[in-house]
Amino acid sequence: MASKKLKAPVNIPTEKIHSFEGHPYKVLDNEEMALLIESIKEQGILSPIIVRPIEEAEKEYEVISGHRRLHAATKAGIKTVPALICAITRDEAAIMLVDRNLHREHILPSEKAFAYKLKMEALKHQGKTSSQVGTKLRTDEIIAEQAGESRNQIQRYIRLTNLIPELLDLVDEGKIALTPAVELSYLAEDQQYVLLDTIEEEERTPSFSQAVRFKKLSQSNELDTDQIETIMQEDKANQRETIKFPLEQLQQFSPRADKKDLEEFVLKACEYYRKYLIKLKDRDAR
């Protein structure tokens, strides 16, 4: 469809090319970008970017594929870039943009979330049907089929777009898992900011069960600052600090003991040492 409308690449001034409004993929000034900038300085852009003409704007374009290459070229001081001009609608461009990036090796949860949302909105505008079965399908079913994910998983990712940016960053960083993040997305914005402050103060993130409780309390208009702080202060097994020793290292002190016996042995040894320190302190105080 769209590929048939591509012509030979032409050189376009970078100042005439704009980011696709609302595109979901992050362009970061990180180590990978630094390497790309150096590569473009030395070899130029080897693969043309893909753009579409902006309606009612003379010789102005928006990027469909190649936001990182365009950013790197601009950073490298390059004034024109090779581009393939694709004369398609914005909805067609949105679908093309999402599909060309979804199967990258590294893609953040936030990128998937906004990509699926962008594609869903574009498909709804088009009123797409499934050509394979000849029947009308839900847009999330079409996306799921094309992305190789379940419909429920598509819905979970799209829910993440309701999170405040700071909480979504924690999801991208792996500090909050997808399932609790989905539950937290039902909280009002002000409640999410209170939760964020509590996360920073307590230096811990909510478990799935805590997130479910937050959602239920929020939906019944019962969630307030005190409840958020109280729930977040609860001890969680997966966030308790622990000390681990190799079993072989402990068995040298009690070779015939099993794991349970060794735990008791360590605790008794610690208690014995604590009493010994108290005796030393009392003796020195005399």
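Structure's up top.
Residues numbered from 1 in each chain as written. Predicted model: local features only at pLDDT ≥ 70, side-chain atom pairs only at ≥ 80, totals over all residues. Heavy atoms only, no water.

*Asks:* Where do I start with the sheet that holds strand β3 (residues 49–53) in this structure?
*Replies:* Strand pairs in the sheet, formed through backbone hydrogen bonds, run parallel or antiparallel to each other. Strands sit in the order β1-β5-β3-β4-β2 across an open sheet of 5 strands; the sheet is mixed. In this open sheet, the two edge strands, each paired with only one partner strand, are β1 (10–13) and β2 (17–18). Relative to strand β4 (residues 61–65), helix α2 (residues 67–75) is tilted by about 125°, and along the sheet it contacts β2, β3, β4 and β5 (80–85). (Pairing = 2+ DSSP bridges. Helix = DSSP H or I, 4+ residues; strand = E, 2+ residues; numbered from the N terminus. Contact = heavy atoms within 4.5 Å. Axes fitted to C-alpha atoms, helices over the stretch in contact; angles between N-to-C directions.)

*Asks:* Would you mind going over the nonpolar core with me for this structure?
*Replies:* Side chains of a nonpolar character, in soluble globular proteins, are inclined to be buried together. Core analysis: the biggest nonpolar cluster contains 52 residues, and L160, L167, L195 and F214 have the highest contact counts within it. Sort the elements by how many residues they give to this core and helix α4 (residues 109–126) lands first, with 7 residues. The contact partners of F214, leaving out residues within four places of it in the chain, are L184, L187, L195, P206, L223, Q227, I228, I231 and M232. (Core = buried A, V, L, I, M, F, W, Y, C linked by side-chain atoms within 4.5 Å. Buried < 20%, exposed > 50% of the residue type's maximum accessible area, 1.4 Å probe, protein only.)

*Asks:* Quick question: what am I supposed to make of the side chain of R52 here?
*Replies:* Here R52 lies in strand β3. Since its relative accessible area comes to 2%, R52 is described here as buried. Among the polar contacts made by the side chain of R52, one reaches the side chain of E55 at a distance of 2.3 Å. Setting aside residues no more than four positions away along its own chain, R52 makes contact with E60, Y61, E62, I64, C86, I88, T89, R90 and A93. (Polar contact = N/O pair within 3.5 Å; in protein donor to acceptor, adjacent residues only side chain to side chain.)

*Asks:* Sorry if this is basic, but what is going on with the packing of aromatic side chains here?
*Replies:* Aromatic ring pairs are described here by two measures, namely the spacing of the ring centres and the angle between the planes. Scanning all chains against the criterion turns up 1 aromatic pair. Taking the ring centre of Y186 as reference, the NZ or CZ of R159 above it sits at 3.8 Å. Across the ring face of Y186, the terminal group of K215 is positioned such that the distance to the ring centre comes to 3.9 Å. (Phe/Tyr/Trp six-rings, centres within 6.5 Å; stacked < 30°, edge-to-face > 60°. Lys NZ or Arg CZ within 6 Å of the ring centre and 35° of its normal.)

*Asks:* It is not clear to me how a nonpolar patch on the surface should be interpreted in this structure. Could you clarify?
*Replies:* Where nonpolar side chains cluster on the molecular surface, the patch consists of Y273, Y276 and L277 and spans about 320 Å² of accessible area. On the secondary structure map, L277 appears in helix α13 (residues 259–285). (Patch = residues over 30% accessible without salt bridge, like charges linked within 9 Å, V, L, I, M, F, W, Y side chains within 5 Å. Areas by Shrake-Rupley, 256 points an atom, 1.4 Å probe, with all protein chains shown as cover. Salt bridge = Lys/Arg side-chain N within 4 Å of Asp/Glu carboxyl O.)

*Asks:* Looking at this structure, how should I read the environment of T205?
*Replies:* With respect to the element layout, T205 can be found in the loop between α9 (189–202) and α10 (208–219). Between the C-alpha atom of T205 and that of P180, which follows or precedes it by 25 residues, the distance is 9.7 Å. In this structure the side chain of T205 is engaged in a polar contact, spanning 3.1 Å, whose partner is the backbone oxygen of K175.

*Asks:* Can you walk me through a negative patch on the surface in this structure?
*Replies:* A surface patch of negative charge is lined by E166, D197, E200 and E201. Broken down by element, the residue count for the negative patch peaks at 3 residues, all from α9. Along the polypeptide, E166 turns up in helix α7 (residues 165–172). Look at E166 and you get partly exposed, because its relative accessible area is 33%. (Lys, Arg positive; Asp, Glu negative; His and termini not counted. Charge placed at Lys NZ, Arg CZ, Asp CG, Glu CD.)

*Asks:* Please explain the packing of helix α1 (residues 31–43) against α2 as it appears in this structure.
*Replies:* Two quantities define a packed helix pair, namely the angle between the axes and the distance from one axis to the other. The contact between α1 and α2 brings their axes to 9 Å, and the two run at 65°. The orientation of α1 relative to α2 falls into the category roughly perpendicular. When you trace α1 past α2, the crossing you get is right-handed. Contacts from E32, M33, L36, I37 and I40 of α1 reach α2 at R68, R69, H71, A72, A73 and K75. (Parallel < 35°, antiparallel > 145°, perpendicular 65-115°, else oblique. Left-handed = near helix turned anticlockwise from the far one by under 90°.)

*Asks:* Could you clarify how one ought to interpret the pattern of salt bridges in this entry?
*Replies:* Close approach of charged atoms lets side chains of opposite charge pair. Summed over the entire model, instances satisfying the criterion amount to 15 salt bridges. Between E38 and K41 there is a salt bridge whose closest N-O contact spans 3.7 Å. Taken together, the residues span about one helical turn, with E38 and K41 both in helix α1 at a distance of 3 residues. Judged by its relative accessible area of 40%, E38 falls in the partly exposed class. Across the salt bridge formed by E62 and R52, the nearest N and O atoms sit 2.5 Å from each other. Of this pair, E62 sits in strand β4 while R52 sits in strand β3; the two residues are 10 residues apart in sequence, bridging distant segments of the chain.

*Asks:* Just to check I follow, could you spell out the packing of α4 against helix α6 (residues 151–159) for this structure?
*Replies:* In the contact formed by α4 and α6, the axes pass within 7 Å of each other and the chain directions differ by 105°. Taken together, the axes of α4 and α6 are roughly perpendicular relative to one another. Contact residues: P109, K112, A113, Y116, K117 and M120 in α4; I154, Y157 and I158 in α6. Its residues placed into classes, the contact of α4 with α6 shows 7 nonpolar, no polar and 2 charged. (Nonpolar A, V, L, I, M, F, W, Y, C, P; charged D, E, K, R; others polar.)

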